[in-house]
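Here's the letter readout for the chains.
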Amino acid sequence: MALVRKRAIPIFIFFYFVHFYFLSYADILYLNNGRSMEGIIKNEDENEIELEVSAGRVRIEKKEISRIERASQEDTLLMRQRWEKEKIETDKRIAEQRLQEERRPKGVAFSHDGQSVIISAKLNNKVEANLILDTGATLVMLRRAIAEKLGFDLDRALPDIQLTLADGRKVNGKYVILESIKVQNVEARNVEAGIILDEAGALGSGDGLLGMSFLKKFNFKVDHKEKRLILEKL
């Protein structure tokens, strides 16, 4: 009867396999203080271990480790899936908290000149303006000087519009979209606005009108007693 000799596995291949196995898969490090850390060993030398965890990487000196439990490839995959799930859940929770904060009613202080409610606003995050609250104005309306500070070239082919003022007069203007209007800690983005070209008595003492193209993005009410505009984002 012929004997079949089994071929020996080269030692260097076996060593590579073991080395790859132990350095690539998930591990649990049991520390001398009784705690443990779960992650994936990325680098290891005679003095310390670099462990990948969900929040990044940490280095632990080997003298602080009592033992290492090395897990399987399947466990590593499950760990990464868990990290990804936790990240998705965390991001979702943060987004929900931000949305709740944005939607919480906020009070915006205003001044009063005896006739009008005046609100300080920041346009496109760069130009300050005092806008008169006007719920009868379809658009936010701005003076030419404010538009020029914002960088709008009124001589270019911006859409022409005709604006109707509170007293019924019609004036020529330009149609623009503001990237943002921020009143204190409340912001609305992509707000339609009209630039008034003929300004003779059009806007009183303000830099413009805070009209419905801004206000329609909120539930709002004016508290004259406390001098606050209450805005609740829709």
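Quick summary incoming for the structure in this document. Small disclaimer: the values here were computed from a predicted structure and weren't measured.

## Focus on the sheet that holds strand S15 (residues 218-223)
Next, step 1: If you trace the 3 strands from one edge of the open sheet to the other, you get S6-S16-S15, paired in antiparallel fashion. If you trace the sheet from one side to the other, it starts and ends with strand S6 (106-109) and S15, each paired once. Strand-to-strand twist of the sheet, defined as the mean angle between neighbouring strand axes without regard to direction, takes the value 25°.
Next, step 2: Relative to strand S16 (residues 228-233), S6 runs antiparallel, the two being bridged by 4 bridges. When the bridges of S16 are listed, Ala-109 appears paired with Arg-228.

## Examining the packing of aromatic side chains
Next, step 1: Tallying each qualifying case throughout the model produces 1 aromatic pair.
Next, step 2: A centroid spacing of 5.1 Å and a plane angle of 45° characterise the contact between Phe-214 and Phe-218, whose relative ring orientation is tilted.
Next, step 3: Since its relative accessible area comes to 0%, Phe-214 is described here as buried.
Next, step 4: Sitting over the face of the ring of Tyr-30, Arg-67 holds its NZ or CZ atom 3.9 Å from the ring centroid.

## Some thoughts on the environment of Val-176
Next, step 1: Tracing the chain through its elements places Val-176 in strand S12 (residues 170-183).
Next, step 2: Judged by relative accessible area, Val-176 falls into the buried class, the value being 3%.
Next, step 3: Taking C-alpha positions, Val-176 is 8.5 Å from Phe-152, a pair spaced 24 residues apart along the chain.
Next, step 4: Here Val-176 is in contact with Phe-152, Leu-158, Val-191, Glu-192, Ala-193 and Ile-195, once residues within four sequence places are set aside.

About the criteria used
Residues numbered from 1 in each chain as written. Predicted model: local features only at pLDDT ≥ 70, side-chain atom pairs only at ≥ 80, totals over all residues. Heavy atoms only, no water. Pairing = 2+ DSSP bridges. Helix = DSSP H or I, 4+ residues; strand = E, 2+ residues; numbered from the N terminus. Axes fitted to C-alpha atoms, helices over the stretch in contact; angles between N-to-C directions. Phe/Tyr/Trp six-rings, centres within 6.5 Å; stacked < 30°, edge-to-face > 60°. Buried < 20%, exposed > 50% of the residue type's maximum accessible area, 1.4 Å probe, protein only. Lys NZ or Arg CZ within 6 Å of the ring centre and 35° of its normal. Contact = heavy atoms within 4.5 Å.

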